[in-house]
Amino acid sequence: MDIPRRDIKPKKKHGKFNVLLFIVLVFIIISTSVAAYLNLNEIDIKETSVKELFKNKFYLKESLKNKKILLEMAYDGSTNAKFTICEGYIVKCTQDKIDFIDKKGEIKKTFYSSFKNPLIKTSGDYLLIADIKGKDIFVSKGINELWKKEFDKNIINADINEKGHVTVIHEEDRSRNAASVFNDEGTRYFIDNSGDEFILSANVSPKGEEVLLNYAITSGVNATTDLKKYNIKSKQETVKKFEEEFFALAKYVDDELIMVSGDLGITILDNELKEKWNIPVNGSVYDFDLIKGRYISVAVRTGNTGFFSNGKSDVLVYGMDGEEITNFTIEDRVKSLRISDDIIAINSAKMLYIANTDGKIINEYSFKTEIEHIEFFNKKEILVIVENKIVILNIS
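Residues numbered from 1 in each chain as written. Predicted model: local features only at pLDDT ≥ 70, side-chain atom pairs only at ≥ 80, totals over all residues. Heavy atoms only, no water.

**Q** When you look at the sheet that holds strand 30 (residues 371–378) in this model, what are you seeing that I'm missing?
**A** Backbone hydrogen bonds are what pair the strands of a sheet, in a parallel or an antiparallel way. The sheet built from 4 strands is open, its strands ordered 1-32-31-30 with antiparallel pairing. Edge positions in the open sheet fall to strand 1 (68–74) and strand 30, since each of these has one partner strand only. The sheet shows a mean angle of 15 degrees between the axes of neighbouring strands, direction not considered. Where strand 1 meets strand 32 (residues 389–394), 6 bridges bridge the pair, whose relative direction is antiparallel. Each residue of the ladder has a partner; that of M73, found in strand 32, is I390. (Pairing = 2+ DSSP bridges. Helix = DSSP H or I, 4+ residues; strand = E, 2+ residues; numbered from the N terminus. Axes fitted to C-alpha atoms, helices over the stretch in contact; angles between N-to-C directions.)

Written as structure tokens, this is what we have:
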């Protein structure tokens, strides 16, 4: 019997399945590459939107890892450490000690102390650390301790000038508070009691010849300001009442100029406390920095600064005669800024922008965690403190 012949045809390949498999493989490869890129650039995808990735991350001029990182050093972020730079050293102050660290990350000197809430300031080669709401103060010139003191009453505020003269606002039994002034050897040569008012701040002129006191007047409907300038040699006082303004800050720019900051912006006063010029702002002043004799740079958050803020900030740079040098906008919320020569460093949480005084952004750096502090060593090197990490970048 003849068996019917069947034509055996080759099975068709699963074309659609192969195409789908190819697409999945491509997706896996791309995802792996993106994950590696994000990890390389310390970008947290959980905290970064797609818009931010394309706007700020993928199109950075150079990734952070390709920059010249001069130092990357871990530290214990739970110690509430405060940082600054003094005479080329990184100064790290914790609750129990002060470390002077060189650019290689080596601790060159340590002073043991007790600071629960340290305020740390520098001026020239001088360093001041004061325990706010505590009683201790420490002063050094560079790495060398000059003097320290324990006050009878709690410290409210403090400052230091470029000759090492220190002003301390402290509690006082006979009045709401008082301002004491010390020379670089720790000898007190001036004290002023506030009476019924409150001294917000005090500082000494660069040459050490005058003391400027900023009084908050709270007896009226709205708080106002009285400024008092006292000449150490002549004992002469100059008082100016600002009946419609309140200045949270008043300090010497140089021996002839005083800067005050309030709700209406920043104003420059002459040596007689008369207005010379001002920087009007459309928003809230969040930080400022200055180079003596050259620039004042101001960071202003514009528009609504609350929950529905548009996230923009203005950076203004003015010369000492009141001329506007530049005015540009950062599409981000600025936390702080610093200026060195013609370079401006702008901290906006997890982004560090480097701009020049022409208003041009010349570099951007992305960090995985929030930037807590920035400060220039010089125009080419900057200290960046992030959570648990000390970083020195070469930004040239």
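**Q** Sorry if this is basic, but what is going on with the environment of V300 here?
**A** Mapped onto the elements of the fold, V300 is located in strand 23 (residues 295–302). Overall, the relative accessible area of 2% leaves V300 in the buried class. In this structure the C-alpha to C-alpha distance between V300 and R333, which are 33 residues apart in sequence, comes to 9.0 Å. Leaving out residues up to four positions away in the same chain, V300 has contacts with V281, N282, G283, S284, V285, S313, D314 and L316. (Buried < 20%, exposed > 50% of the residue type's maximum accessible area, 1.4 Å probe, protein only. Contact = heavy atoms within 4.5 Å.)

**Q** In this structure, what is going on with the sheet that holds strand 12 (residues 178–182)? I would like to understand it.
**A** What the 4 strands build is an open sheet, ordered 10-11-12-13; its pairing is antiparallel. The open sheet has two edge strands with one neighbour each: strand 10 (155–160) and strand 13 (188–193). Averaged over all pairs of adjacent strands, the angle between their axes in this sheet comes to 15 degrees, without regard to strand direction.

**Q** Looking at this model, I keep getting lost on unusual backbone geometry. Mind explaining?
**A** What is expected of a backbone is that most residues other than glycine have negative phi and most peptide bonds are trans. Its identity is not glycine, yet N80 carries a phi of approximately 55 degrees, on the positive side. Its location among the elements puts N80 in the loop between strand 1 and strand 2 (82–86). The class for N80 is partly exposed, based on a relative accessible area of 33%. In the Ramachandran plot, D341 falls in the positive-phi region, its phi being about 55 degrees despite a non-glycine side chain. By the secondary structure assignment, D341 is in the loop between strand 26 (336–340) and strand 27 (343–348).

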